[in-house]
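The primary structure of each chain is shown beneath.
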2 protein chains.
Amino acid sequence: MATMHRMQTTGLELFYSNGYYNTSVDDILKKLSLSKGAFYYHFESKEDFFIQIIQNLLARKIYSVLIEPIEGHDDPLKQILDCFDDALETAVHNEMDFGCVLNNFLTEFRGKDEKIMKHLCDIFSIWEVNLVSTLQKGKFNGFVDRHVDCEAAATFLISSYFGVRTLMVGVAPSARKYRFMSQLRMYLKSLEPKTVAV
Amino acid sequence: MATMHRMQTTGLELFYSNGYYNTSVDDILKKLSLSKGAFYYHFESKEDFFIQIIQNLLARKIYSVLIEPIEGHDDPLKQILDCFDDALETAVHNEMDFGCVLNNFLTEFRGKDEKIMKHLCDIFSIWEVNLVSTLQKGKFNGFVDRHVDCEAAATFLISSYFGVRTLMVGVAPSARKYRFMSQLRMYLKSLEPKTVAV
DNA sequence: AGGAAAACCGACCAAGTGGTCGGTTTAGGC
DNA sequence: GCCTAAACCGACCACTTGGTCGGTTTTCCT
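All values reported here derive from a predicted model rather than from experimental measurement.

(A) Representation of the overall build of chain A. Each helix and strand in chain A was counted, giving nine helices and zero strands. Taken from N to C terminus, the helices and strands of chain A fall in the order α-α-α-α-α-α-α-α-α. Looking at chain A as a whole, 52% of its 198 residues qualify as buried. Taking as baseline every contact in chain A between residues at least 6 positions apart, the subset at least 24 positions apart corresponds to 69%.

Now the structure itself:
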């Protein structure tokens, strides 16, 4: 059981940094000093292996970093700002950053492996739905202007997050983060309820 | 010379839809009914081949779609909005859309091939610099509020564009485009000069 | 027509790929 | 101690990869 978990952890590490197709099963086994036999005893194929990683590790990661910090609080706009800020700050301090895991895998598997794509889209969908409903609740509670199109806002927020994570890899991540956050703050402000004109 | 050009064109096609590492030289040659000999007569390696594609095709494409339509006009905010709208509309109608070419390659080569990364970053940089200077000119001409941080705005715009292109692939591209554009319009509005209070 | 250079062919190579399988080690219940 | 089954080993397989090279065809200039 411990072996299985170790395989998944280093599997995700390598898949994340080298890509799925560019990481061989042997690469993972070499890093763990294990043999082919051990791998195919626990998993029936490389694809199956990756799907289990998605469900066991990726899904939890996305939830704990991008969903859980936002849902269930009163002011969604402030929560979103803080959540993005934390996530980007973590990325800045991670010298082995390769962008948003979900974004990278979505890009890599597009049109190649439908089965894997389905699982990735499921995770993405959970994030999106949560964001939309959090915004709608914020509207109900008076933290978001009632004219705001919550689905549109969620799409825009996710887009910008995916994009900035890609931009931040490598060149001046800290500066890019700072610039991004300043504009995000402006955008979020435009979602706040308009004070009634005198 | 015609052969060389055909190779680059279909090379870009396949690299774009399948990824660089997941596309073999043989794949490209099979589609063109050419042989290994022809390939290695014109190019010294797969890497060299791709670099030439970047310089000959990718650079021009990015310029004609994302740079040229924006620069040189008066109101940069309107130009950006129209430019993004056109680019996204093209993507919506392209049933073989796999996201923004530049974004995908930047993601794929990160940490793998420094030489190629350099060339990709160069193209990216040109786009970024152009966007910043266009915004600054807009500021000078009174189309952009003088308090706007142009570099931050450019980062934010590029981020959101990269991200939405990824989101639009596959699931409901048209709806996603519409939602994105509505929020982009809002954001760009917040960059307009504030009318002086009465 | 002739000849040389440019363009192209395709068999071949070493290195890797995902996956198989017969066999060995290890752990736990009796 | 014994036996079974889970866990693991590593040689092996068919196949693909990027790249080479000796040779053939095309093209074009004189």
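(B) Quick look at the protein's contact with DNA strand C. Lining the immediate surroundings of DNA strand C are 15 residues, of which Lys36(A), Lys46(A), Thr3(B), Tyr41(B) and His42(B) lie closest. In DNA strand C, the atoms that sit within 4 Å of the protein are 60% sugar and phosphate, with bases accounting for the remainder. Contact between DNA strand C and Lys46(A): a phosphate oxygen at 2.8 Å from a side-chain N or O atom of the residue. Between DNA strand C and Tyr41(B) there is a distance of 2.5 Å, counted from a phosphate oxygen to a side-chain nitrogen or oxygen. Listed by contribution, the elements that provide at least two residues to the surface near DNA strand C are α3 (36–42) of chain A together with α3 (36–42) of chain B.

(C) Inspection of the domain arrangement of chain A at higher detail. Residue and element names in this part refer to chain A. Taken domain by domain, chain A consists of domain 1 (1–43) and domain 2 (54–189). Taking the mean C-alpha position of each, domain 1 and domain 2 sit 28 Å from one another. Contacts between the two partners involve 10 residues from domain 1, matched on the other side by 15 residues from domain 2. Together, Leu 12, Tyr 16 and Tyr 21 form the three largest contributors to the area buried by domain 1 at its contact with domain 2, with a combined 59%. Tallied by class, residues from the side of domain 1 that touches domain 2 come to five nonpolar, five polar and no charged.

(D) Inspection of the side chain of Arg110(B) at higher detail. Position of Arg110(B) among the secondary structure elements: in the loop between α6 (101–109) and α7 (114–140). A distance of 3.0 Å separates a polar side-chain atom of Arg110(B) from the backbone oxygen of Thr166(A). At 3.0 Å, the side chain of Arg110(B) and the backbone oxygen of Val169(A) are in polar contact. In contact with Arg110(B), not counting residues within four places along its chain, are Ser17(A), Phe98(A), Thr166(A), Val169(A) and Met117(B).

(E) Representation of the packing of helix α4 (residues 46–67) of chain B against α6(B) in the model. All names here are of chain B. Closest axis-to-axis distance for the α4/α6 pair is 11 Å, and the angle between their directions is 145 degrees. On α6, the residues that touch Phe 50, Leu 58 and Ile 62 of α4 are Val 101, Leu 102, Phe 105 and Phe 109. Here the residues of the contact of α4 with α6 are counted per class, giving seven nonpolar, no polar and no charged.

(F) The arrangement of the interface of chain B and chain A in detail. If you look at the interface, chain B gives 39 residues, while chain A gives 39 residues. Together chain B and chain A conceal approximately 3,400 Å² of surface at their shared face, both sides included; 65% is due to carbon and sulfur atoms. Between chain B and chain A we count four salt bridges in total. For Arg179(A), the salt bridge identified is with Glu151(B), shortest N-O distance 2.9 Å. Taken together, the links from chain B to chain A amount to 14 residue pairs in polar contact (both at pLDDT 80 or more). Those elements giving two or more residues to the side of chain B that touches chain A turn out to be α1 (2–18), α6, α7, α8 (150–168) and α9 (173–189) of chain B. No other element matches α8(B), which puts 13 residues into the side of chain B that touches chain A. Counted by class, the side of chain B that touches chain A contains 16 nonpolar, 16 polar and seven charged residues.

(G) Up close: the relation of the copies chain B and chain A. Of the two same-sequence chains, chain B is brought onto chain A (RMSD 0.0 Å, axial shift 0.0 Å) by a rotation of 180 degrees. What the rotation and shift describe, once combined, is the action of a two-fold rotation axis. Counting the interface residues of chain B, we find that 100% of their copies in chain A are interface residues as well, pointing to one common contact surface.

(H) View of the side chain of Asn104(A). Among the structural elements, Asn104(A) can be located in helix α6 (residues 101–109). With relative accessibility at 10%, the residue Asn104(A) sits in the buried group. With residues up to four places along the chain from it excluded, the contact list for Asn104(A) reads Tyr16(A), Phe98(A), Gly99(A) and Thr107(B).

How each quantity is defined
Residues numbered from 1 in each chain as written. Chains lettered and ligands numbered in written order. Predicted model: local features only at pLDDT ≥ 70, side-chain atom pairs only at ≥ 80, totals over all residues. Heavy atoms only, no water. Helix = DSSP H or I, 4+ residues; strand = E, 2+ residues; numbered from the N terminus. Buried < 20%, exposed > 50% of the residue type's maximum accessible area, 1.4 Å probe, protein only. Contact = heavy atoms within 4.5 Å. Near = heavy atom within 4 Å. Polar contact = N/O pair within 3.5 Å; in protein donor to acceptor, adjacent residues only side chain to side chain. Domains from an automatic or database assignment. Buried area = accessible area lost by both parts, 1.4 Å probe. Nonpolar A, V, L, I, M, F, W, Y, C, P; charged D, E, K, R; others polar. Axes fitted to C-alpha atoms, helices over the stretch in contact; angles between N-to-C directions. Salt bridge = Lys/Arg side-chain N within 4 Å of Asp/Glu carboxyl O. Least-squares fit on C-alpha atoms with pLDDT ≥ 70 in both.

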